[in-house]
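# Reading the structure
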Amino acid sequence: MSKKKSSDSCLGVMVKMTILLVILAAILVGGGIFAYQKLNEFFNRSGGTVIVPDFRGKHTTEVMKIKPMDIEIVIKEQKFDDRQPKGYILAQYPEPGTLVKPGKQVQVTVSLGLQKVSVPNLIGKSMREVNVALMNSQLILGNSAYIFSDDIAPDRIVGQSPLSSEEYGVNKNVDLLISLGRKNETLPLPNLIGTNLDTAKTKIKSWGFNVGRIYSKPDANRQKYQIISTNPSPYSYLRKGEIVNLLVSSGSDTGTATSEDLKKFEFSEIYKPVVAPKDTPVENKPTASTGSSNTASTEPKAEQKKVEAETPKAENKPKENVVEITAEPEVKKTVTEPVAPKPAPVSKPTKEVTFVMPDGFMPKEVKFIHIKPDGREQLYSGTHNPLDSIKVKVPIVPNSRLQIYINDVPVEERKID
């Protein structure tokens, strides 16, 4: 009996093991078949698949129109971007060209556009204040330019681009216009020499300058209150509001200018009047050695008549300035003694300067002013056409220079020594 029971129990165990193995095999076969089907569906390249289009750079409205019916568009993320405007696709998954089964979801990232901030008002601020304001607004300092301004202090902002309160992209540049302060405008002081004092005052004020001290000195060649010189000298560049001192003629009266005052002024030779020399015959001048005036005036005339009477008429030669006297040798010596001639002026060395008129359409007036330690002298003045070549000889004077003016505007300065 015991042997029969033990054999039955072993048979039962083997049956159970067989059943379990069959069930396990069925499970494995079923799982393999299921997995094969799924893999076959995924990797099957035959009909029933869809190619994912390229949605990048297109607006979501356009994407919904062109997407295949079997694909679902899902917005995965939205973010700010300065490359694509708001509502445009930045990225997608799966990538364009991927084969997917119908009903596949395509995840896209949509742009919110450029993130904008309000531009701060920078007008009138210093550069330190500008840097702080731009940093707080997430903006960057861009290009800078400088300009003169009568209203804004130097190194402060005159203008900005973009304007304040304008919506502007984050991390974008803000260009600035920076003040250089008030412009010190300079103008040449025109020549006032020879004008009346009242006229000179009026002109100085009309040019934007101020009249300074007025000095006077005797000058027999000028009318009273006529301008002799100015300080600064003519054609000097002055800023508006600068002071111009005047030296005027006091005529025959005693002037107010001291020797130290006169050192402040330059005297131009060209403005001194030219006095023609008087040609007075020598025989009409009485001398102390001839005695009384009657002797000097009557006796030579009487003797001249005597000589003329004794002279033959054939020799009728003019003897206007020659007087022959035989009676009184002393008078003869005094009257006929020739006046010593003045020595010829010694010629100074000169330097030839060549100047070419600038190109243009109209003739212009050109002046050559020689600036010397003892004053200013105008060497040449004339009107010339464009590209004319002008040659002027300039005396060589130590520490002197030549200024060239066109229409009373200085255009060039050259050293002579």
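The rules behind the values
- Residues numbered from 1 in each chain as written.
- Predicted model: local features only at pLDDT ≥ 70, side-chain atom pairs only at ≥ 80, totals over all residues.
- Heavy atoms only, no water.
- Buried < 20%, exposed > 50% of the residue type's maximum accessible area, 1.4 Å probe, protein only.
- Helix = DSSP H or I, 4+ residues; strand = E, 2+ residues; numbered from the N terminus.
- Arc of directions from axis to C-beta.
- Contact = heavy atoms within 4.5 Å.
- Patch = residues over 30% accessible without salt bridge, like charges linked within 9 Å, V, L, I, M, F, W, Y side chains within 5 Å.
- Areas by Shrake-Rupley, 256 points an atom, 1.4 Å probe, with all protein chains shown as cover.
- Salt bridge = Lys/Arg side-chain N within 4 Å of Asp/Glu carboxyl O.
- Pairing = 2+ DSSP bridges.
- Axes fitted to C-alpha atoms, helices over the stretch in contact; angles between N-to-C directions.
- Phe/Tyr/Trp six-rings, centres within 6.5 Å; stacked < 30°, edge-to-face > 60°.
- pLDDT = per-residue confidence, 0-100.

### A look at helix α3 (residues 127-136)
What α3 keeps buried is the set Val-130, Ala-133 and Leu-134. One side of α3 holds all its buried residues, which, seen down the axis, span an arc of 95 degrees. The outward face of α3, more than 90 degrees from its buried face, is lined by the exposed residues Arg-128, Met-135 and Asn-136. Buried positions along α3 lie against β7 (140-147), β8 (157-161) and β10 (173-179).

### Structural notes on a nonpolar patch on the surface
On the surface, Leu-11, Val-13, Val-15, Met-17, Ile-19, Leu-20, Ile-23 and Ile-27 cluster together into a nonpolar patch covering about 760 Å² of accessible area. Residue position: Val-13 is located in helix α1 (residues 2-43).

### Here we look at the side chain of Asp-261
Assignment of secondary structure puts Asp-261 in helix α5 (residues 259-262). With residues near it in sequence (within four places) discarded, Asp-261 still touches Tyr-215 and Thr-256.

### Examining the sheet that holds strand β15 (residues 243-249)
Strands in a sheet are paired, the pairing made by backbone hydrogen bonds, and the direction either parallel or antiparallel. Overall, mixed pairing links the 3 strands, which are arranged β12-β15-β13 in an open sheet. Two strands close off the open sheet at either side, each with one partner strand: β12 (210-217) and β13 (227-231). For this sheet the average axis-to-axis angle between neighbouring strands, irrespective of direction, equals 25 degrees. Here 4 bridges tie β13 to β15, and the two strands are oriented antiparallel to one another. Residue pairing across strands places Thr-230 opposite Leu-246, the latter belonging to β15. Packed on one face of the sheet, helix α4 (residues 197-206) meets β12, β13 and β15 and runs near 155 degrees to β12.

### Describing the packing of aromatic side chains
Taken as a whole and assessed by the stated rule, the structure comprises 4 aromatic pairs. Through a chain of ring-to-ring contacts, three or more aromatic side chains come together here, namely Phe-355, Phe-368 and Tyr-380.

### Brief notes about unusual backbone geometry
For the bond running from Tyr-93 to Pro-94, omega is 0 degrees, close enough to zero to count as cis. On the secondary structure map, Pro-94 appears in the loop between β3 (89-93) and β4 (99-100). In this structure, the amide linkage connecting Asn-231 to the following residue, Pro-232, adopts the cis form with an omega of 10 degrees. Within the element layout of this structure, Pro-232 appears in the loop between β13 and β14 (237-239). One non-glycine residue, Gln-138, lies in positive phi territory at about 60 degrees. Within the chain, Leu-387 stands out as a residue other than glycine whose phi angle is a positive 70 degrees. With respect to the secondary-structure elements, Leu-387 resides in the loop between β18 (375-384) and β19 (389-395).

### Quick word on the confidence of the model for the protein chain
For the protein chain, the average pLDDT comes to 79, and 77% of its residues sit at 70 or higher. Predicted confidence in the protein chain is weakest over helix α6 (residues 293-310), with a mean pLDDT of 42, and strongest over β15, with 95.

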